[in-house]
Amino acid sequence: MEEPSKKEELCPNLLDLIPKDIECVFNIDGDKQRSHGSSDEKKLELRLSPPGDDHRWSTIHNPKIQRDESLPSLWYHYSTTQSNFSNQHQQKQQPPPPKFSFLQYQKGPAVAMESSQPCSRRMVDLRNAEKKAFAINPANNTAAANSSQKRAAAAAPPVVGWPPIRSFRKNIASSCSLGKSSLGPQCTITSEIANGKPGKNLRKGLLVKINMEAVPIGRKIDLNAYDNYERLSAAIDELFRGLLAAQRDSSAGGNKEKPEEKTVITGLCDGSGEYTLVYEDHEGDRMLVGDVPWHMFVPNVKRLRVLKTSKLFTLNLDVVKVRSRVGLYDPLKIFSVGGLLTGDVSLFQKILAALITGAIAITIANPTDLVKV
Amino acid sequence: MNYFPEEVLEHILDFVTSNKERNAVSLVCKTWYKVERESRYRVFIGNCYATNPERLIARFPRVKSLTLKGKPHFADFNLVPHDWGGFVDPWIKTLARACPGFEELRLKRMVVSDEILELLSKSFVNFKSLVLVSCDGFSTDGLAAIAANCRYLRELDLQENEVDDRSGHWLSCFPESCTSLVSLNFACLKGEINLSVLERLVARNPNLRSLRLNRAVPVETLQKIITKAHRLVDLGTGSFIHDPKSETYQKLKNAMSKCESIRSLSGFLDVAPHCLTAVYPICPHLTSLNLSYAPGINSNELIKLIRHCRKLQRLWILDCVGDKGLGIVAATCKELEELRVFPSDPFGPGNAAVTEEGLVAISVGCHKLHSLLYFCQQMTNAALITIAKNCPNFIRFRLCILDPAKPDPDTMDPLDEGFGAIVQSCKRLRRLSISGLLSDKVFLYIGTYAEQLEMLSIAFAGESDKAMLYVLNGCKKLRKLEIRDCPFGNMALLADVGKYETMRSLWMSSCEVTLQGCKTLARLMPKLNVEIINENDLWDEIPADDDRKKVEKMYLYRTLVGPRQDAPGFVWTL
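Looking at an unreviewed UniProt entry, one finds chain B named F-box domain-containing protein and attributed to Nepenthes gracilis. Check the Subcellular location (unreviewed entry) section of the UniProt entry for chain B; it says "Nucleus". Regarding chain B, the relevant UniProt record gives this comment under Pathway (unreviewed entry): "Protein modification; protein ubiquitination."

For chain A, an unreviewed UniProt entry supplies the name Auxin-responsive protein and the organism Nepenthes gracilis. As its UniProt record puts it under Sequence similarities (unreviewed entry), chain A is described as follows: "Belongs to the Aux/IAA family." Check the Subcellular location (unreviewed entry) section of the UniProt entry for chain A; it says "Nucleus".

Have a look at this one:
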């Protein structure tokens, strides 16, 4: 396995060196000679069109190519699975050139399975496409093929608008498949949005920042990858479980005796857990997650926060103070000027307005602080 | 003919009902044009932006029935932003002014509002029929206005709309004098319904032939309704969960066995497997069965049900039925004409629910099949060739392999030969959707053989611009072409610009077309609206320097009235 590994290391450097306007020919040496009478040297030509063109890819393939492990290092991961294919499909031809210029959406399994190489996006897509071509062989029924196919299918995020069925049918299907697990209130939300407004929020990857209290590093989460609150909760739990455990470890003095102990973060959306999920909408307001149907929630989210449920209400009061201060300042400023804003307001008037707003804010917020409204 | 009285001509033309033929009639001479336009009552407008309401009234002043379609077809799959357009407001307002005798409105993929529904109900005294398919923007308040004000309402048909369900009281708005209902379909509503009101409504409308209930209507009410509605032909059940040992079940079964008239059954929005036995009595008469909203019923139960339905002509089912179930369908339903198999788990890992074997079995057993929509895990060339040989009568053939760009699993070839066989064999094919791994060859076949093709949907297919050119040059009757995620660029788009004026519309998304190409096309063809939909950038004007940027979504259509005025910010008409 030396040669393939060497080739694999060579791969990123080799690709970097390739200028864009020459024809690349990858020579495939049969290091594992399980040839079935066909030629040893297989050629796969990739042509990169010169800049200024539409960057169309075209692959020319030798029709006599057979699939076995003697393949370029890009595909060396499949060498073990290929052995099964090659044994059973002796006379089969290589799959025709895959369509990869538009398979940009399918990122999942390739990234997981392949080593992360700094190749260009198109090369990753090429790999993805080849992976698809090789992984798809249900007639084969080998364990390796099945598991890789299932992993590929399960891990790949759905392409927008594919398969071409209407939204309410998708939700029927998802409620069927999730029916076994305890969805509870989320189930009604899913069925309510079965006829929800389509198209409004299914953009490619709606990444929003998400911060958790007491965790200094935030994460980003793709809201379009989920279609209900339950899945979002689960995803957030996964994201922060490790970080929270690490945080606790570090705050407890680096006690690493129980690395496996990670508390599961549950009940984010229904107020029953230790943590609650809130979001900031485009108007800047902090809102509790879970009130509106999912499809209305997604387009309005600017960022997410995970807060301790117990501290939820004190946070709101600070917000009240800040809001009343900030909100009242401008009107008061204008009022003190007398409604005329020609040029800049004088410094004295600004200070006066600020003092008055501060006083009003404290008058409102302090008593409510005491009462804990 | 020196003198031919117009009245006679009008009388004769009354017998010409098809709009296509009437269009041909109006081209003969000016007299015939005049007589025809004054006697045309049903108008169909396939793209609401191709013309405007004023022109409609000017040409057909006596219009009584209007069918309008708004958003492009891919809006069903969330590819078109929600507020792209398709507002019915200007149409209703103009009709309200000019056509007080207006009776029937059919809308598909349009945005309707409550205010417009209210205007509709109050402006037209004789309003009889409202059919809304895949529309949105309205709520049950609008329905309440329709129910209350339209005294002679015969048909209220809501199919797969998104309705903001505020309360069930809209049903109570039907006055006691409303006895003319023939068709009532509110299956898409999600909210509660006043059940006693529903029962009374059904009781006082003896002509009711089509009734489709929503999920909120339980079995007890269904049973009462069936006993009262004697002329029911089309029934859509609501919630269909009951205990087989209960009295309700017995009553339901009795009611069903007395019911001779039901020919079409749908609904089953909530159903458990053991509940289906109640409908066995009506199965032998059924010609249409829709079980596609009912997940969770396994293959065996479905098979047991289908065995009773020997006269079935139309079947919509989920792929839980499996290949084996489809074999039973083929053996039992010899009269089958339309089949739709929907995926029950579209994003799940490859549980091979239905494959090519099921479809081959169907083609062997059901020779009358002419309309197909089939979602499957895989398909082979050999299977498609067999199917083409067995069923040469296809008019609509839509095949969707759930894994995009998946080749033939046996040979790893693209599915060119299979689809080629289909277009070659089915001479009357009008609608085709292709999927799987496809090269340019299949488009050559389509262009060569699919002479009657009117609508073509392509996704993740083709290798070069030649593919699109084959189709544009070959299919003379092509009206709608929708393409997503194919490597077709400017060369293909601009090769035959005149073709687009013979078509209704073209949709291209995630292709290789650039802004430069679209601008050129718009400049060359002023009678086309070339719309660029760019959700991510909200610019006030099209940037001048970024012409080589690829266009994400382009929708072009022929029009007589220029760029539309109601386009939102993210849609640029070039």
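### Section: the overall build of chain B
Broken down by element type, chain B carries 19 helices and 25 strands. When the 574 residues of chain B are sorted by exposure, 61% land in the buried category. In chain B, once contacts between residues fewer than 6 apart in sequence are set aside, the share between residues at least 24 apart is 72%. When the accessible surface of chain B is split by element, carbon and sulfur atoms take 52% of a total near 22000 Å².

### Notes on a nonpolar patch on the surface
Residues and elements named next belong to chain A. A surface patch of nonpolar side chains, about 770 Å² in accessible area, is lined by Leu347, Phe348, Ile351, Leu352, Leu355, Ile356, Ile360 and Ile364. Of note, Ile351 is situated in helix α11 (residues 347–371). By relative accessible area, Ile351 is classed as partly exposed at 44%.

### Quick word on the side chain of Ser134 of chain B
By the secondary structure assignment, Ser134 of chain B is in the loop between β4 (129–133) and β5 (136–139). Leave out the neighbours within four places in its chain, and Ser134 of chain B touches Arg166 of chain A together with Asp76, Arg109, Met110, Gln159, Glu160 and Asn161 of chain B.

### Notes on the packing of aromatic side chains
Inspection of the entire model under this criterion finds 23 aromatic pairs over all chains. Grouping aromatic residues by their ring pairs yields a cluster made of Tyr49, Phe74, Phe77, Trp84, Trp507, Tyr555 and Tyr557 of chain B. The ring centre of Phe342 of chain B lies 3.7 Å from the NZ or CZ of Arg169 of chain A, which sits over that ring. Here the basic side chain of Arg564 of chain B rests over the ring of Tyr49 of chain B, its NZ or CZ set 4.6 Å away from the ring centre.

### Re the confidence of the model for chain A
Residues and elements named next belong to chain A. The predicted model of chain A has a mean per-residue pLDDT of 58, with 34% of residues at 70 or higher. No element of chain A has a lower mean pLDDT than helix α7 (residues 185–192), at 35, and none a higher one than α11, at 84. Per-residue pLDDT stays below 50 along residues 1–12; that stretch engages in 20 contacts with residues further than four places along the chain or on separate chains. In the predicted structure, residues 51–155 sits below a pLDDT of 50 and forms 199 contacts with residues beyond four places in sequence or in another chain.

### Some words on the pattern of salt bridges
Applying the stated criterion to the full structure yields 31 salt bridges over all chains. The residue Asp234 of chain B makes a salt bridge to Arg212 of chain B at a minimum N-O spacing of 2.9 Å. Taken together, the residues span a long stretch of sequence, with Asp234 of chain B in strand β10 (residues 234–236) and Arg212 of chain B in strand β9 (residues 210–212) at a distance of 22 residues. On the basis of relative accessible area, Asp234 of chain B is assigned to the buried category, the value being 11%. When its relative accessible area of 22% is taken as the criterion, Arg212 of chain B is described as partly exposed. Between Glu247 of chain B and Lys251 of chain B there is a salt bridge; the shortest N-O distance is 3.9 Å. Of this pair, Glu247 of chain B and Lys251 of chain B are both found in helix α10 (residues 247–258), 4 residues apart, which corresponds to roughly one turn of the helix. Residue classification places Glu247 of chain B among the exposed residues on the basis of a relative accessible area of 59%. Residue classification places Lys251 of chain B among the partly exposed residues on the basis of a relative accessible area of 41%. Shared partners join several salt bridges into a network, and the residues in it are Arg166 of chain A together with Asp76, Arg109 and Glu160 of chain B.

### As for the nonpolar core
Core analysis: the biggest nonpolar cluster contains 182 residues, and Phe397, Ile446 and Leu506 of chain B have the highest contact counts within it. The residues contacting Phe397 of chain B, other than those within four sequence positions of it, are Leu372, Leu384, Ile387, Phe419, Ile422, Leu429, Arg431, Leu432 and Ser433 of chain B. Core analysis: the next-biggest nonpolar cluster, separate from the first, contains 24 residues, Leu223, Tyr229, Val298 and Val306 of chain A among them.

### Focus on α10 of chain B
Relative to the 16 Å expected for 12 residues at 1.5 Å per residue, α10 of chain B spans 17 Å between its end C-alpha atoms, a close match to the ideal helical length. Those residues of α10 of chain B that are buried lie in contact with α9 (219–228) and β11 (239–240) of chain B.

### As for the environment of Pro81 of chain B
Residue and element names in this part refer to chain B. When you line up the elements, Pro81 lands in the loop between β2 (65–69) and α5 (89–98). The buried category is assigned to Pro81, whose relative accessible area is 4%. Sequence-wise, Pro81 and Phe570 are 489 residues apart; in three dimensions their C-alpha atoms are separated by 9.1 Å.

### A short note on the pairing of strand β1 (residues 42–45) of chain B
All names here are of chain B. Where burial is concerned, the two faces of β1 differ: the one with Val43 and Ile45 is buried and the one with Arg42 and Phe44 is not. Pairing geometry for β1 and β2, over 4 bridges, is parallel. Residue pairing across strands places Val43 opposite Leu66, the latter belonging to β2. The handedness of the β1 to β2 crossover, carried by helix α4 (residues 53–59), is right-handed.

### Quick notes on the pairing of strand β5 (residues 219–222) of chain A
Residue and element names in this part refer to chain A. Note: strand β4 (residues 207–212) against β5, 4 bridges, orientation antiparallel. Residue pairing for β5: Lys209 is matched across the bridge by Lys220. In this structure, the hairpin formed by β4 and β5 is closed by a connection of 6 residues, where Ala214 is found at a positive phi of approximately 75 degrees.

### Topic: unusual backbone geometry
Across the junction of Trp162 of chain A and Pro163 of chain A, the peptide omega takes the value -5 degrees, indicating a cis bond. Checked against the element boundaries, Pro163 of chain A lands in the loop between α5 (143–155) and α6 (167–177). A positive phi angle, close to 60 degrees, is found at Ala405 of chain B, a residue other than glycine. By the secondary structure assignment, Ala405 of chain B is in the loop between β18 (396–401) and α15 (416–425). Under the relative-accessibility criterion, Ala405 of chain B is labelled buried at 12%.

### Description of helix α8 (residues 195–204) of chain B
Of all the positions in α8 of chain B, only Val197, Leu198, Glu199, Leu201, Val202 and Arg204 of chain B are classed as buried. Tucked inside the fold, the buried residues of α8 of chain B contact β8 (183–185), β9 and α9 of chain B.

### Some details on the state of the cysteines
Residue and element names in this part refer to chain B. Under the defined criterion, the tally for this structure stands at 0 disulfides over all chains. Its sulfur unpaired, Cys309 is 3.7 Å from the next cysteine sulfur, which belongs to Cys283. Cys309 gets classed as buried once you look at its relative accessible area, which sits at 0%.

About the criteria used
- Residues numbered from 1 in each chain as written.
- Chains lettered and ligands numbered in written order.
- Predicted model: local features only at pLDDT ≥ 70, side-chain atom pairs only at ≥ 80, totals over all residues.
- Heavy atoms only, no water.
- UniProt positions renumbered as here; feature names shortened; annotations may be inferred.
- Helix = DSSP H or I, 4+ residues; strand = E, 2+ residues; numbered from the N terminus.
- Buried < 20%, exposed > 50% of the residue type's maximum accessible area, 1.4 Å probe, protein only.
- Contact = heavy atoms within 4.5 Å.
- Areas by Shrake-Rupley, 256 points an atom, 1.4 Å probe, with all protein chains shown as cover.
- Patch = residues over 30% accessible without salt bridge, like charges linked within 9 Å, V, L, I, M, F, W, Y side chains within 5 Å.
- Salt bridge = Lys/Arg side-chain N within 4 Å of Asp/Glu carboxyl O.
- Phe/Tyr/Trp six-rings, centres within 6.5 Å; stacked < 30°, edge-to-face > 60°.
- Lys NZ or Arg CZ within 6 Å of the ring centre and 35° of its normal.
- pLDDT = per-residue confidence, 0-100.
- Core = buried A, V, L, I, M, F, W, Y, C linked by side-chain atoms within 4.5 Å.
- Expected span 1.5 Å × (residues − 1).
- Pairing = 2+ DSSP bridges.
- Right-handed = clockwise from strand over helix to strand, strands pointing away.
- Disulfide = S-S within 2.5 Å.

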